[in-house]
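# Coordinates in review
Here are the chains, one letter per residue:
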Number of protein chains: 2
Amino acid sequence: MAWKSRTPMAIGDIRDKRNKAVTGSLAGPHGGEAAQMSARTPEAEPLLTPAEVATMFRVDPKTVTRWAKAGKLTSIRTLGGHRRYRETEVRALLAGIPQQRSE
Amino acid sequence: MAWKSRTPMAIGDIRDKRNKAVTGSLAGPHGGEAAQMSARTPEAEPLLTPAEVATMFRVDPKTVTRWAKAGKLTSIRTLGGHRRYRETEVRALLAGIPQQRSE
DNA sequence: CGGAATTAGGGTAATTCGGGAC
DNA sequence: TTTGTCCGAATTACCCTAATTC
């Protein structure tokens, strides 16, 4: 956590340096996230950015990256290498619904 | 765990510090709740870390874990197994609002 | 094209988990 | 009965710079 780290900040201040305003509900990555809804999307699954998933789980975006790297979360990569996550999967995991596990 | 050694923060500040202004710039008159910009945001309930809940109750994080294990507190797990708690539930308990009792 | 914010990396410190005992 | 603390191991958070996104 970050309650008595190097930085003297209060308890609720987890990811703040990079996130401007994420109060209560998730904020878009750059403030303009209406990119998916405008165009007609034949078979587009709702995707979430790392910051959005991190906010939903109350963790750092880096942690979400580790989950993806560990295979705990399905990640779709952009052409630039950034990850996107399936909203349905994230919601299911948050709800405690066990996903397909090959273990 | 000597978590209460040096942590100069007030309990009242625990609630919503997730709003952070940019570096040195103005954060608006209120500086508090920001506005929601988009509607494309997945539903995310505010979650608290064990340390946050422990600070709010003035107890050890281990005690919060015991509460969760005893079913007195709803706990959501991260993919790594760490617990997160519902902010609304914690606040209600702190306010003395009786939750659902089994008996 | 330029600019601001986010993300990807890798490293290190802090927190949490789990069990069990006092 | 409840709470705090100790231990080892695992998970997570924060630091940096460069690349990507919009």
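These numbers were taken from a predicted model, which means no experiment stands behind them.

## Some details on the packing of aromatic side chains
Residues and elements named next belong to chain A. What the rule picks out here adds up to two aromatic pairs over all chains. Consider the rings of Phe57 and Trp67, whose centres lie 5.1 Å apart with planes at 80 degrees: the pair is edge-to-face. Pair noted here: Phe57 is in helix H2 (residues 50–57) and Trp67 is in helix H3 (residues 61–69), with a separation of 10 residues, a long-range link. By relative accessible area, Phe57 is classed as buried at 1%. Accessibility expressed as a relative area gives 5% for Trp67, which makes it buried.

## Brief notes about the environment of Leu48(A)
The topology assignment puts Leu48(A) in strand E1 (residues 47–48). On the basis of relative accessibility, which here comes to 1%, the residue Leu48(A) falls in the buried class. Once the C-alpha coordinates of Leu48(A) and Tyr85(A) are considered, the two residues, 37 residues apart in sequence, prove to be 5.0 Å apart. Among residues more than four places away in sequence, those in contact with Leu48(A) are Val53(A), Met56(A), Arg83(A), Arg84(A), Tyr85(A), Glu87(A), Val90(A) and Pro42(B).

## Points about the sheet that holds strand E2 (residues 75–77) of chain A
Residues and elements named next belong to chain A. The three strands are arranged E1-E3-E2 in an open sheet whose pairing can be described as antiparallel. With partners counted over all chains shown, the strands left at the sheet margins are E1 and E2, one partner each. Summarising the sheet, E2 and strand E3 (residues 83–86) pair through three bridges and their orientation is antiparallel. Its bridge partner being in E3, Ser75 is matched across the sheet by Tyr85. Where helix H4 (residues 87–94) meets the sheet, it contacts E1 and E3, and its direction lies at approximately 60 degrees from that of E3.

## A closer look at the pairing of E3(A)
Residues and elements named next belong to chain A. The alternating pattern of E3 places Arg83 and Tyr85 on a buried face, while none of Arg84 and Arg86, on the opposite face, is buried. Judged from the two bridges that link them, E1 and E3 form a sheet pairing that is antiparallel. Its bridge partner lying in E3, Leu48 is registered against Tyr85. Connecting E2 to the antiparallel partner E3 that follows it, the hairpin turn spans five residues, and Gly81 within it adopts a positive phi of roughly 100 degrees.

## Observations concerning unusual backbone geometry
In this model, Arg58(A) sits at a positive phi of 60 degrees, which is unusual for a non-glycine residue. Along the chain, Arg58(A) turns up in the loop between H2 and H3.

## A look at the UniProt feature "domain: Helix-turn-helix" (unreviewed entry) in chain A
UniProt's feature table lists "domain: Helix-turn-helix" (unreviewed entry) at residues 47–95 of chain A, given in the numbering used throughout. Secondary structure across residues 47–95 of chain A comprises 51% helix and 18% strand; the distance between its end C-alpha atoms is 17 Å.

Parameters at a glance
- Residues numbered from 1 in each chain as written.
- Chains lettered and ligands numbered in written order.
- Predicted model: local features only at pLDDT ≥ 70, side-chain atom pairs only at ≥ 80, totals over all residues.
- Heavy atoms only, no water.
- Phe/Tyr/Trp six-rings, centres within 6.5 Å; stacked < 30°, edge-to-face > 60°.
- Helix = DSSP H or I, 4+ residues; strand = E, 2+ residues; numbered from the N terminus.
- Buried < 20%, exposed > 50% of the residue type's maximum accessible area, 1.4 Å probe, protein only.
- Contact = heavy atoms within 4.5 Å.
- Pairing = 2+ DSSP bridges.
- Axes fitted to C-alpha atoms, helices over the stretch in contact; angles between N-to-C directions.
- UniProt positions renumbered as here; feature names shortened; annotations may be inferred.

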